[in-house]
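As a plain string of letters, each chain reads:
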Amino acid sequence: MLTPQGLKGKQYRVTGNSYPRLGRPPKKSRKVIAALAGLLALALIGLGGVQLYDIFTGRNKNASAQACATPSGKALAAPAPGPTTPAAGDPHAIPQPSTVTVNVYNATAKGGLAGRTAEELKKRGFVIGKVGNAPAELDKKVPGTAQVIAGPTGAGAATLIGSQIAGAVTTPDARTDASVDFVIGDGYSALLDETQAAAALALAVKPSPTPTATGSC
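Notes on the structure in this doc start here. (Residues numbered from 1 in each chain as written. Predicted model: local features only at pLDDT ≥ 70, side-chain atom pairs only at ≥ 80, totals over all residues. Heavy atoms only, no water.)

From N to C terminus, the protein chain includes 5 helices and 5 strands. What you see in the protein chain, going N to C, is helices and strands ordered as α-α-β-α-β-β-α-β-β-α. (Helix = DSSP H or I, 4+ residues; strand = E, 2+ residues; numbered from the N terminus.)

Within the structure shown, the criterion is met by 4 salt bridges. Arg124 is the salt-bridge partner of Glu120, the closest N and O atoms lying 3.2 Å from each other. Since its relative accessible area comes to 27%, Glu120 is described here as partly exposed. The exposure class of Arg124 is buried, given its relative accessible area of 13%. With a closest N to O distance of 2.7 Å, Asp181 and Arg175 form a salt bridge. Side by side, Asp181 and Arg175 carry an identical accessibility label, which is buried. The network of salt bridges with shared partners includes Asp173, Arg175 and Asp181. (Salt bridge = Lys/Arg side-chain N within 4 Å of Asp/Glu carboxyl O. Buried < 20%, exposed > 50% of the residue type's maximum accessible area, 1.4 Å probe, protein only.)

Counting 22 residues, the largest nonpolar core has Val100, Val102, Val104, Phe126, Ile161, Val180 and Phe182 as its most contacted members. For this core, the elements supplying multiple residues, two or more each, are strand E1 (101-106), helix H3 (113-123), strand E3 (146-150), helix H4 (155-162) and strand E5 (180-184). Tyr105, Ala107, Val142 and Val183 belong to the second largest nonpolar core, which has 7 residues in total. (Core = buried A, V, L, I, M, F, W, Y, C linked by side-chain atoms within 4.5 Å.)

A few words on the pairing of E5. Where burial is concerned, most of E5 is hidden: 5 out of the 5 residues are buried. The two faces of E5 match: Val180, Phe182 and Ile184 on one face and Asp181 and Val183 on the other face are all buried. Pairing of E1 with E5 involves 5 bridges; the strand directions are parallel. Looking at E5, one finds that Val104 is bridged to Phe182. Direction of pairing for E3 relative to E5: antiparallel, over a ladder of 5 bridges. Bridge pairing in E5 places Val148 opposite Phe182. (Pairing = 2+ DSSP bridges.)

If you want it as structure tokens, here you go:
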């Protein structure tokens, strides 16, 4: 004798090839399953609505900012932009030509170069100091266009003078004033024109690129 589930407690004898027909599950079970399915559907609908609300109100952006916070709880700040020019009082700051005293020396065998170059620099606003042949340690020993020599306090002035000629080499020394020596070399032919010199100076003092904030922490 068998009592299969769904046969409401009735017992049947199985003979031959005939089997009892199983009845439908109780109505109570079907109602429970339907109720659970309805609750699941409502939960999915509610979750989707919350996500849409966050998108339209910008709450996701706030969550991202919190995710990028430091251990102290403060959000990571974007890098501050670097200075475009050196601060006032900095020896590397580029001065006005009228405040720069330049000594012009000729280290080549060509006569008259120091005088002509000094006159051109004077037209551009520089204060001319000594003009003449290069000292023995430099005479005939500057193979390039020019050698610019300055002390620690004349670093910015050396950059300004060096921008007046292509290929100039800057060399530091121990002088304590801000004067600059402009030593003409064998490769020298003429100063850059004022437009080219301004472009060379802008390139020389161009700040390093500032990192930009990315979307990830």
